[in-house]
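Descriptive analysis of the structure
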Amino acid sequence: AVHLSRALDIIRTIRDPEKPNTLEELEVVTENCVEVQEIGEEEYLVTIRFTPTVPHCSLATLIGLCLRIKLQRCLPFRHKLEIYISEGTHSTEEDINKQINDKERVAAAMENPNLREIVEQCVTEPD
């Protein structure tokens, strides 16, 4: 349970790329969207299912990226990370799910200076 609350604490303060609100305030992420399972000795699978604010949200991929980057940096235990859009809440959810769970595509996105800057702004802890 401690791992679950850690994961939730990490993502609840991520900011929306277009709004001043956090993902938790916008209910993009909620307590029920995080699942943590033990998959090995001291290793956990963290699954996040987030809900875009609108079904055709153009920022869904970016939000997925922010979730992944922040969790990768901040989770204090060994983990595998799977991030999905809540079923039925986005028009291109399959494509986006593939994109945000593909290491190479994530790495490529983070090499784009504009994208990286937005992600950094979203994942930086508020002072």
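I will try to describe carefully the structure that is included in this document. (Residues numbered from 1 in each chain as written. Predicted model: local features only at pLDDT ≥ 70, side-chain atom pairs only at ≥ 80, totals over all residues. Heavy atoms only, no water.)

1. What about the pattern of salt bridges?
Summed over all chains, the structure comprises seven salt bridges. When the shortest N-O distance is used, the salt bridge between Glu 125 and Lys 70 registers 2.5 Å. Here Glu 125, found in the segment after helix H5 (113-123), pairs with Lys 70, found in helix H2 (residues 60-74); they are 55 residues apart in sequence, far enough to count as distant. Within the structure, one salt-bridge network assembled from shared partners comprises Asp 9, Arg 12 and Glu 24. (Salt bridge = Lys/Arg side-chain N within 4 Å of Asp/Glu carboxyl O. Helix = DSSP H or I, 4+ residues; strand = E, 2+ residues; numbered from the N terminus.)

2. Let's talk about the packing of aromatic side chains
Under the defined criterion, the tally for this structure stands at one aromatic pair. Geometrically, the ring pair formed by Tyr 44 and Phe 77 is edge-to-face, given 5.3 Å between the ring centres and 75 degrees between the ring planes. Of this pair, Tyr 44 sits in strand S2 (residues 43-50) while Phe 77 sits in the loop between H2 and strand S3 (78-85), and the two are 33 residues apart along the sequence. Given a relative accessible area of 10%, Phe 77 falls into the buried group. (Phe/Tyr/Trp six-rings, centres within 6.5 Å; stacked < 30°, edge-to-face > 60°. Buried < 20%, exposed > 50% of the residue type's maximum accessible area, 1.4 Å probe, protein only.)

3. Brief notes about the sheet that holds S3
Strand order in the open sheet formed by three strands is S1-S2-S3, with mixed pairing between adjacent strands. If you trace the sheet from one side to the other, it starts and ends with strand S1 (34-40) and S3, each paired once. Taking the axes of each pair of neighbouring strands and ignoring which way they run, one obtains an average angle of 20 degrees across the sheet. Here S2 pairs with S3 via eight bridges, running parallel. Note that in S3 the partner of Glu 43 across the bridge is Arg 78. Sheet strands in contact with helix H1 (residues 2-12) are S1 and S2, and its direction is about 130 degrees off that of S1. The strands touched by H2 within the sheet are S2 and S3, with S3 carrying the most contacts at an inclination of about 165 degrees. (Pairing = 2+ DSSP bridges. Axes fitted to C-alpha atoms, helices over the stretch in contact; angles between N-to-C directions. Contact = heavy atoms within 4.5 Å.)

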